[in-house]
Amino acid sequence: MKKLLFVLPLALLLFSCADESTNVIEEEQFNTVYGLVRTFENSQIAGIIGDTSNNHCSNQTELNFLTYPNPTAFGVTIEFKSNSSISYDIYLETALGEESLLDSLETIRYPAPIPIPQHTNYSKEKLFSGTVDKGINSLHIDLEQYDTGIYYLIYEDSEGTSDCYPLVIQRYEE
């Protein structure tokens, strides 16, 4: 009987630990954005928000990668330089925003501050796959189906070059 009284609470404890899903963010999957280059719709650079040197991207200068506008509401234009004809892919990956970056972004008014929520689910989706010629290339990507938040645009090409670039989708959600 004593064994049963000892084993019964342990059995109840084990059975009560069901495989229920939780909303806990698995931060190991997410990369954090500490800063970004703010750009207008005409590709003019408006300045840097936060500290881009802390981002995990290498910011390779040979690509001359530029995204505009950033932050964006519904779409982004990507411009980059290629030294040869290559095939490439563009991905959109959810990221977490460092707190001071989020505070700075919320002060940008359209005409009122737009809060930027942190992602709770990690995703990485291919936005585009194609080929480019040598020289300057431009691509417009529609982002209307993505929620307000912090993301990384990921560039990968057939020559093994890859890098990522912070992007913010910032709009009033209904």
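Residues numbered from 1 in each chain as written. Predicted model: local features only at pLDDT ≥ 70, side-chain atom pairs only at ≥ 80, totals over all residues. Heavy atoms only, no water.

### What to know about the packing of aromatic side chains
Evaluated as defined, the whole model comprises nine aromatic pairs. Seen in terms of ring centroids, Tyr146 and Tyr151 are 6.5 Å apart; in terms of plane orientation they differ by 75°. Their pairing is edge-to-face. For Tyr146, a relative accessible area of 11% gives the class buried. According to the relative accessible area criterion, Tyr151 is buried, its value standing at 4%. Taken together, the aromatic side chains of Phe65, Phe80, Tyr88, Phe128, Tyr155 and Tyr165 make up a single cluster linked through ring pairs. Directly above the aromatic system of Tyr91 lies the positively charged group of Lys124, at a separation of 4.8 Å from the ring centroid. (Phe/Tyr/Trp six-rings, centres within 6.5 Å; stacked < 30°, edge-to-face > 60°. Buried < 20%, exposed > 50% of the residue type's maximum accessible area, 1.4 Å probe, protein only. Lys NZ or Arg CZ within 6 Å of the ring centre and 35° of its normal.)

### Notes on the sheet that holds strand E5 (residues 75–82)
Spatially, three strands are ordered E4-E5-E8 in an open sheet, and the strand pairing comes out antiparallel. Both edges of this open sheet fall to strand E4 (66–68) and strand E8 (135–142), since each of them pairs with a single strand only. Going across the sheet, the axis of each strand differs from the next one's by a mean of 20°, ignoring polarity. When E4 meets E5, the two strands line up antiparallel, connected through three bridges. Paired with Thr67 across the two strands is Ile78, which belongs to E5. (Pairing = 2+ DSSP bridges. Helix = DSSP H or I, 4+ residues; strand = E, 2+ residues; numbered from the N terminus. Axes fitted to C-alpha atoms, helices over the stretch in contact; angles between N-to-C directions.)

### Observations regarding the state of the cysteines
Applying the stated criterion to the full structure yields one disulfide. Two residues share a disulfide in this structure: Cys57 and Cys164, whose sulfurs sit 1.9 Å from each other. Between Cys57 and Cys164 the disulfide shows an S-S torsion of about -110°. By sign, it is left-handed. Placement of Cys57 in the loop between strand E3 (45–50) and E4 and of Cys164 in strand E10 (residues 162–169) is noted, with a sequence separation of 107 residues between them. You'll find Cys57 and Cys164 in the same group, each marked buried. (Disulfide = S-S within 2.5 Å.)

### Here's the deal with the pairing of strand E6 (residues 86–97)
Remember that side chains alternate between the two faces of the sheet whenever the strand is regular. A large share of E6 lies buried, amounting to 11 of its 12 residues. Examined bridge by bridge, strand E1 (residues 31–33) and E6 share three bridges and lie parallel to one another. Following the sheet pairing, Asn31 is matched in E6 by Ala95. Looking at chain direction, E6 and strand E7 (residues 124–132) are connected through eight bridges and run antiparallel. Residue pairing across strands places Ser87 opposite Thr131, the latter belonging to E7.

### Things to note about the nonpolar core
In terms of nonpolar packing, the biggest core is built from 19 residues, with Ile78, Ile90, Leu143 and Tyr155 touching the most fellow members. When residues of this core are traced back to their parent elements, those giving at least two are E5, E6, E8, strand E9 (149–157) and E10. At four residues, E6 tops the list of elements feeding residues into this core. Excluding its chain neighbours within four sequence positions, the residues that come into contact with Ile78 are Phe65, Leu66, Thr67, Ile90, Asn137, Ser138, Leu139, Ile141 and Leu153. Grouped together as the second largest cluster of nonpolar side chains are 16 residues, Ile49, Leu105, Ile154 and Val168 included. (Core = buried A, V, L, I, M, F, W, Y, C linked by side-chain atoms within 4.5 Å. Contact = heavy atoms within 4.5 Å.)

### With respect to the environment of Val37
Turning to its location among the elements, Val37 is positioned in strand E2 (residues 35–39). Separated by 13 residues in the primary sequence, Val37 and Gly50 place their C-alpha atoms 8.8 Å from one another.

### Regarding the pattern of salt bridges
According to the stated counting rule, one finds two salt bridges in the structure shown. Among the ionic pairs, Lys126 bridges to Asp89, the shortest N-O distance being 3.8 Å. Placement of Lys126 in strand E7 and of Asp89 in strand E6 is noted, with a sequence separation of 37 residues between them. Take Asp89: its relative accessible area is 18%, and that puts it in the buried class. A salt bridge links Glu156 to Lys124; its shortest N-O distance comes to 3.7 Å. Of this pair, Glu156 sits in strand E9 while Lys124 sits in strand E7; the two residues are 32 residues apart in sequence, bridging distant segments of the chain. (Salt bridge = Lys/Arg side-chain N within 4 Å of Asp/Glu carboxyl O.)

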